[in-house]
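Tertiary structure, described
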Amino acid sequence: MLHNIPELVKKRMKYLEKLDAEDRVNKTPRMERLRQIPPETGKFLAILAAGAPKGNFIEIGTSAGYSTMWITLACIERDCKITTFEILEEKIRLAKETFQQSKLEEYVNLIGGDARDFLKAEKNVSFCFLDAEKEIYEDCYDLVVPNMVKGGLLVADNAINLYDVLKPMIDKTLVDKRVDALIVPIGKGELVCRKI
Ligand SMILES: C[S@@+](CC[C@H](N)C(=O)[O-])C[C@H]1O[C@@H](n2cnc3c(N)ncnc32)[C@H](O)[C@@H]1O
């Protein structure tokens, strides 16, 4: 999977990595920035998603579709789709461009709007990547966990670099008897929860 990344996907990944790096030095306003995961987190997500049990893949916080592309590598291998949610119009436009240019459209269902309005209807979730505003992590966790299949994985970004903000949510997952959870020190810190 990681040895055979399609050329068009690699090209778009490089382009978005450059935009994201420029955002960070140009002092682009926060809501306009792409705020993407680093490549090592992308590889981690692809490997976890490839081995997830049978079920549906979702992502909360698409931005320009960079993390979606990594997870989609697992979708190509498993011949399945990911549903990804994004609230901002400009990010939706960029994400559409990403999936079109990298020829991944058949693997991605992009939904515009507040993910919380749709999550109750997302059943049999076997893989979820949570990477939206940190204030909504707990709401999303509460909506997704009841709909996860046994062995399904929920991975939440920024568990180390934004630990102080996320502490209440992280503490809740660590004592939640419905999941086994831990923080993996990769990228910005990934909280990994496995449904029991
Ligand atoms: C950190 S960025 C996501 C980066 C992306 N996962 C990546 O690594 O390429 C967070 C994104 O979540 C989106 N977002 C915030 N709140 C949301 C909500 N309630 N529903 C859907 N998307 C939301 C933001 O607009 C932003 O684009």
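Structure: see above.
Residues numbered from 1 in each chain as written. Predicted model: local features only at pLDDT ≥ 70, side-chain atom pairs only at ≥ 80, totals over all residues. Heavy atoms only, no water.

Under the criterion given, the structure shown has 16 salt bridges. Measuring nitrogen to oxygen at the nearest pair gives 3.4 Å for the salt bridge that ties lysine 10 to glutamate 7. In this pair, lysine 10 and glutamate 7 both sit in helix α1 (residues 7–26), three residues apart, roughly one turn of the helix. Using a relative accessible area of 59% as the deciding quantity, one classes glutamate 7 as exposed. Ionic pairing is found between glutamate 97 and arginine 12, a salt bridge with its closest N-O pair at 3.1 Å. Separated by 85 residues along the polypeptide, glutamate 97 in helix α4 (residues 89–101) and arginine 12 in helix α1 bring together distant segments of the chain. Note on glutamate 97: relative accessible area 23%, which makes it partly exposed. Residue class for arginine 12 comes out buried when judged on its relative accessible area of 4%. Members of the salt-bridge network, linked through shared partners, are Arg12, Glu90, Arg93 and Glu97. (Salt bridge = Lys/Arg side-chain N within 4 Å of Asp/Glu carboxyl O. Helix = DSSP H or I, 4+ residues; strand = E, 2+ residues; numbered from the N terminus. Buried < 20%, exposed > 50% of the residue type's maximum accessible area, 1.4 Å probe, protein only.)

On to the packing of helix α2 (residues 39–50) against helix α3 (residues 66–78). Each pair of packed helices gets described by two things: the angle between the helix axes and the distance between those axes. Interhelical geometry of α2 versus α3 gives an angle of 30 degrees and a closest axis separation of 8 Å. Of the possible angle classes, the one that applies to α2 and α3 is roughly parallel. Crossing of α2 against α3: the hand is right-handed. Contacts between α2 and α3 pair Pro39, Gly42, Lys43, Leu45, Ala46, Ala49 and Ala50 from the former with Tyr66, Trp70, Ile71, Ala74, Glu77 and Arg78 from the latter. Residue composition of the contact of α2 with α3, by class: nine nonpolar, one polar and three charged. (Axes fitted to C-alpha atoms, helices over the stretch in contact; angles between N-to-C directions. Parallel < 35°, antiparallel > 145°, perpendicular 65-115°, else oblique. Left-handed = near helix turned anticlockwise from the far one by under 90°. Contact = heavy atoms within 4.5 Å. Nonpolar A, V, L, I, M, F, W, Y, C, P; charged D, E, K, R; others polar.)

Before going further, it helps to spend a moment on α4. Between its first and last C-alpha atoms α4 spans 18 Å; for 13 residues at 1.5 Å apiece the expected length is 18 Å, and the two agree. Looking only at α4, the buried set comprises Lys91, Ile92, Leu94, Ala95, Thr98 and Phe99. The arc that holds every buried residue of α4, seen down its axis, measures 165 degrees, which confines them to one face. For α4, the exposed residues set more than 90 degrees away from the buried face come down to Glu89 and Lys96. Two residues or fewer after α4 comes lysine 103, characterised by a positive phi angle close to 55 degrees. (Expected span 1.5 Å × (residues − 1). Arc of directions from axis to C-beta.)

Moving on to helix α6 (residues 163–175). The sharpest bend along α6 reaches about 40 degrees and sits at methionine 169. Looking only at α6, the buried set comprises Leu166, Met169, Ile170 and Thr173. The inward-facing, buried residues of α6 contact β4 (125–130), α5 (137–144), β6 (179–184) and β7 (190–195). (Bend = angle between axes of the 7 residues up to and from the residue.)

With that settled, the discussion passes to the packing of aromatic side chains. How two aromatic rings sit relative to each other is set out by the distance from centre to centre and by the angle between their planes. One pass over the structure, following the stated rule, counts three aromatic pairs. A centroid spacing of 5.7 Å and a plane angle of 55 degrees characterise the contact between phenylalanine 57 and phenylalanine 127, whose relative ring orientation is tilted. With phenylalanine 57 in strand β1 (residues 56–60) and phenylalanine 127 in strand β4, this residue pair connects regions lying 70 residues apart in the sequence. A relative accessible area of 1% means that phenylalanine 57 is categorised as buried. For phenylalanine 127, a relative accessible area of 0% translates into the label buried. Where tyrosine 66 meets tryptophan 70, the ring centres are 6.4 Å apart and the plane angle is 80 degrees; that geometry is what we call edge-to-face. One end of the pair is tyrosine 66 and the other is tryptophan 70, both in helix α3 and four residues apart, which spans about a single turn. Considered together, tyrosine 66 and tryptophan 70 belong to a single accessibility category, that of buried residues. (Phe/Tyr/Trp six-rings, centres within 6.5 Å; stacked < 30°, edge-to-face > 60°.)

Honestly, that's just the spatial picture; any functional story needs more than this.
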